[in-house]
Amino acid sequence: MSAKKKSKVKMSSKKKKLIILAILVAVFIAVAIFLVNYFTTQTLLPIPGLGKNPNYVKAVYEPFGEPAGVAANQKEDRVYVADPSNKQVHIFNGQGDFIDSFNKLDKRRKLQVPVYLAIDKNNNVYVSDRLLASVFVFDKNGRFIKEFRPKTRSFKWSPLGIAFDKEGNVYVSDVSKHIIYVLNPQGRIIRTVGKEGYTPYAKKEPGKLYFPNKLAVGENGDIYVADGNNNRMQVFDKNGKQKEVLFSFGAMKGFAFDENNGKIYAVDIFGHKIVVFNFDGKEIAEYGDKGDKVSELTFPSDVDVIKDGTMYISDTGNKRLLIWKKPLEAQEAVKTTWPYLALVIALAIAIIASVITLNRLKAKK
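Residues numbered from 1 in each chain as written. Predicted model: local features only at pLDDT ≥ 70, side-chain atom pairs only at ≥ 80, totals over all residues. Heavy atoms only, no water.

**Some points on the confidence of the model for the protein chain**
Formally: As a per-residue measure, pLDDT tells how confident the predictor is, with possible values from 0 to 100. Contacts: residue pairs with any heavy atoms within 4.5 Å of one another.
When pLDDT is averaged across the protein chain, the result is 86; 81% of the residues are at 70 or more. Predicted confidence is poor over residues 41–51, with pLDDT under 50, and the contacts of this stretch with residues over four places away or in other chains come to 20 contacts.

**Regarding the pairing of strand β20 (residues 252–258)**
Note the cut-off: Under the scheme applied here, a residue whose accessible area is under 20% of the maximum for its type counts as buried, over 50% as exposed, and between as partly exposed, the area being computed with a 1.4 Å probe on protein chains only. Runs of H or I in DSSP of at least four residues are treated as helices and runs of E of at least two as strands, each being numbered from the N terminus. In this analysis, strands are considered paired if DSSP registers two or more bridges between them.
β20 sits mainly inside the fold: six of its seven residues count as buried. Across five bridges, the pairing between β20 and strand β21 (residues 263–268) is antiparallel. Residue pairing in the sheet places Phe 255 in a bridge with Ala 266 of β21. Following β20, the chain reverses through four residues before pairing antiparallel with β21; Gly 262 in that reversal takes a positive phi of roughly 65°.

**Quick notes on the side chain of Lys 214**
What counts is decided by this rule: By the criterion applied in these results, polar contacts are pairs of N or O atoms within 3.5 Å in which, for protein atoms, one can donate a hydrogen and the other can accept it, and in which residues neighboring in sequence qualify only through two side-chain atoms.
Here Lys 214 is to be found in strand β16 (residues 212–217). Under the relative-accessibility criterion, Lys 214 is labelled buried at 10%. Only 3.0 Å separates the side chain of Lys 214 from the backbone oxygen of Phe 255, close enough to count as a polar contact. With near-sequence residues (within four places) excluded, Lys 214 lies in contact with Val 70, Tyr 116, Gly 161, Tyr 224, Val 225, Ala 226, Lys 253, Gly 254, Phe 255, Asp 302 and Val 303.

**Some words on the pairing of strand β2 (residues 70–73)**
Going residue by residue along β2, you find Val 70 and Ala 72 tucked away on one face and Ala 71 and Asn 73 tucked away on the opposite face as well. Both β2 and strand β3 (residues 78–83) contribute to a ladder of four bridges, which runs antiparallel. Residue pairing in the sheet places Asn 73 in a bridge with Arg 78 of β3. In textbook terms, the turn of a hairpin is the stretch between consecutive antiparallel strands, and for β2 and β3 this stretch comprises four residues, one of which, Asp 77, has a positive phi near 55°.

**With respect to the sheet that holds strand β9 (residues 144–148)**
The cut-off we apply is this: Between N-to-C directions, angles cover 0 to 180 degrees, with each direction set by a line fitted to C-alpha atoms, over the stretch in contact for helices.
Spatially, four strands are ordered β6-β7-β8-β9 in an open sheet, and the strand pairing comes out antiparallel. Where the open sheet ends on each side, the last strands, each with one partner, are β6 (114–119) and β9. Ignoring which end each strand starts from, the neighbouring axes of this sheet average 25° apart. Across four bridges, β6 lies against strand β7 (residues 125–129) in antiparallel orientation. Paired with Leu 117 across the bridge in β7 is Val 127.

**Observations regarding the pattern of salt bridges**
Put simply, the rule is: By definition, a salt bridge exists where a carboxyl oxygen of Asp or Glu is found within 4 Å of a side-chain nitrogen of Lys or Arg.
By the definition in use, this model includes 13 salt bridges. One salt bridge in this structure joins Asp 227 and Arg 232, with 2.8 Å as the shortest N-O distance. There is no split in this pair, since Asp 227 and Arg 232 are both buried. Shared partners join several salt bridges into a network, and the residues in it are Asp 106, Arg 109 and Glu 147.

**Some points on the environment of Ser 101**
Locating Ser 101 in the fold gives a position in strand β5 (residues 98–102). Residues within four places of Ser 101 in sequence aside, it is in contact with Pro 63, Gln 88, Val 89 and His 90. A polar contact is formed between the side chain of Ser 101 and the side chain of His 90, at a distance of 2.6 Å.

**Description of the packing of aromatic side chains**
The condition is simple: Two rings from Phe, Tyr or Trp (for Trp, the six-membered ring) form a pair when their centres are within 6.5 Å of each other. A pair whose planes differ by under 30 degrees is stacked, one over 60 is edge-to-face, and the rest are tilted. Look at NZ for Lys and CZ for Arg. If either is within 6 Å of the ring centre and within 35 degrees of the ring normal, a charge sits over the ring.
Overall, the coordinates contain 20 aromatic pairs when judged by the stated rule. A centroid spacing of 5.4 Å and a plane angle of 70° characterise the contact between Phe 155 and Tyr 181, whose relative ring orientation is edge-to-face. Here the residue Phe 155 occupies a position in the loop between β9 and β10 (159–164), and Tyr 181 occupies one in strand β12 (residues 179–183), the gap between them amounting to 26 residues. Side by side, Phe 155 and Tyr 181 carry an identical accessibility label, which is buried. Among the aromatic residues, ring-to-ring pairing joins Phe 102, Phe 136, Phe 138 and Phe 144 into one connected group. Over the ring of Tyr 201 we find Lys 204; its NZ or CZ atom is 5.0 Å from the centre of that ring.

**Here we look at the environment of Lys 87**
Looking at where Lys 87 falls in the secondary structure, it is placed in the loop between β3 and β4 (88–92). The class of Lys 87 is partly exposed, set by a relative accessible area of 39%. With 26 residues separating them in the primary sequence, Lys 87 and Val 113 have C-alpha atoms 5.6 Å apart. When residues no more than four places from it in sequence are discounted, the contact partners of Lys 87 are Asn 103, Leu 111, Gln 112 and Pro 114.

**Description of the nonpolar core**
Our working definition: Take the buried residues of types Ala, Val, Leu, Ile, Met, Phe, Trp, Tyr and Cys, join any two whose side-chain atoms come within 4.5 Å, and each joined set is a nonpolar core.
Residues Tyr 265, Ile 274, Tyr 287, Val 303, Met 311, Ile 313 and Trp 324 are the most contacted members of the largest nonpolar core, which totals 17 residues. The set of elements that each furnish at least two residues to this core consists of β21, β22 (273–278), β23 (283–287), β24 (302–305), β25 (310–315) and β26 (320–325). Excluding residues that lie within four positions of it along the chain, Tyr 265 makes contacts with Gly 254, Phe 255, Ala 256, Asp 258, Ile 274, Val 275, Val 276, Tyr 287, Val 303, Val 305, Met 311 and Lys 326. Counting residues in hydrophobic clusters, the runner-up holds 15 residues, among them Tyr 224, Val 235, Val 275 and Phe 277.

Here's what the structure looks like:
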């Protein structure tokens, strides 16, 4: 072989090596980018043994006394937490970073015992206050807008849970009369739902409420009520007629809808856990246990869930807001992780191909 041909072979060999090296570098960079994104989004890979418990994201201790109601507004990247012991509502972003606190009403008054929160379609925050026996409305930044209560003289109530329907009507649970008020946006009472009554048997005496707490209104107008001291979740239709006792357990207070995935996340205060049900009332998961670790709860009060499965839990006994990410189900895991698995496979193929090519080039020499 002439010197010229040998030179060409060497050049060709070097060129191939450089191409292989460039491919490997490109694959490594792509894998690194995807893995960084993977770990920052806190997504679990579908590995045997994982996916049974929520993935811990963050625990927020400041500036809490004893947090109560929690409401998340994903569109505005805001999470609101009522703190009755500090007489304030705190604002965080979705990652749990503190933004501000508010409690100022008019010139003379401030919030005293804020309990539950709800966010309307205009991003306004409704806050129930036990001591002031009223509901107060703030804008998304905590500026007071108005007091919301029935437009009747000498009206007395003790409001707790708040919810809205598609028409903008406001639903408020009253633990003085143990009923639900349905009010139009101007504060006129349209109807009441339920009637006062205690029962030690959750499936008996449907329609009776005893210390109704948090509320929610479904897409079809059904009203979901945490029937606190009757230890059950009751469902009424949009006209206020009782439909069913959906499920029963522990002391029912806070809960959250995950309508995208057909789930209800309910707080079991004395069981120190979050229990997940489907909309048929079947229990499908339990998260947490009593304690102060990041995977545990102590007398939790409320929970809210956003579309990606992030849970915001007011862990009252531990004086903190816990942020968990729901575990991936099998279908979700495959859908979420296939790009990462594809990149790993591509990397393996690239390495094997490079090794084989280099060995062949050496053999030709």
